[in-house]
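Chain by chain, the residues run as shown.
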Amino acid sequence: MTLPAVTRARMIGRAEPGAAPAGLPLMGCRVRAGFPSPADDHLEAEINLHEHVVKHPAATYFVRAEGDSMLGDGIHDGDLLVVDRSLEPLPGRVVVIALEGEPTVKRLARRGGEVWLLASNPRFAPIPLAGRECHVWGVVTHVLHALPGAER
């Protein structure tokens, strides 16, 4: 069964402990989105992006988002999602969930004692979970996407 109006998730790999690549430079100051300043004067340390976004390596995996139902949460088609299976899927959190066997990405909500999946794109209707087969695969903790014009 193919579900319309959803952002799907496609598994691409697990976060392996100790598999973190070498560190990258970290600026010791925040970068303004206005007048530029010489950045090299502020280099402070190195940052390992894997260590920054993966808090529970044994419970973390990566998926690619497909679709546009979560644009309001900054999740675009093709984005890399960091998903932590150790976190509780509480209402308000963005989750990867298999709905009728089809993985999707949505915000979990509770309304009037019922559980719903909410898209963050107003073109898509809420999805009630009552009476449907569903399995939460984890909570989305980070989203990585390229800006227009950047290489993927």
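What you see is a predicted model; the values in this text were computed from it and never measured.

I'd love a proper account of the environment of V143, names of residues and values included.
Inspection of the secondary structure puts V143 in strand β10 (residues 134-144). Taking the C-alpha atoms as reference, V143 lies 6.6 Å from D79; in sequence the two are 64 residues apart. Filtering out sequence-adjacent residues up to four positions away, V143 remains in contact with G74, I75, D79, L80 and L81.

Tell me about the confidence of the model for the protein chain, and name the residues and values.
Residues of the protein chain with pLDDT of at least 70 account for 69%, and the chain-wide mean is 81. Low pLDDT (under 50) marks residues 1-6, which in the prediction has 15 contacts with non-local residues, meaning those over four places away or in another chain. Confidence drops under a pLDDT of 50 for residues 24-29, and excluding neighbours within four residues, the segment shows 20 contacts in the predicted structure.

Can you lay out the pairing of strand β8 (residues 114-118) for me, pointing to particular residues and giving the numbers?
Alignment of strand β7 (residues 102-111) against β8, held across five bridges, turns out to be antiparallel. If you follow R107 over to β8, its bridge partner there is L118. Here β7 hands over to β8 after two residues, with G112 in that stretch at a positive phi of 55 degrees.

Conventions used here
Sequence order as written defines residue numbering, which begins from 1 separately in each chain. This being a predicted model, a pLDDT of at least 70 is required before a residue's local features are given, and a value of 80 or more before pairs of side-chain atoms are given or counted; all residues contribute to the totals for chains, interfaces and linings. For side-chain calculations, the full set of non-hydrogen atoms in the structure is used, while hydrogens and water are omitted. By the criteria applied, helices consist of DSSP H or I runs no shorter than four residues and strands consist of E runs no shorter than two, each listed in order from the N terminus. Note on contacts: a residue pair is in contact if any heavy atoms of the two residues lie within 4.5 Å. Every residue gets a pLDDT, meaning the predictor's confidence in that residue, from 0 to 100. Any two strands between which DSSP finds at least two bridges are classified as paired.

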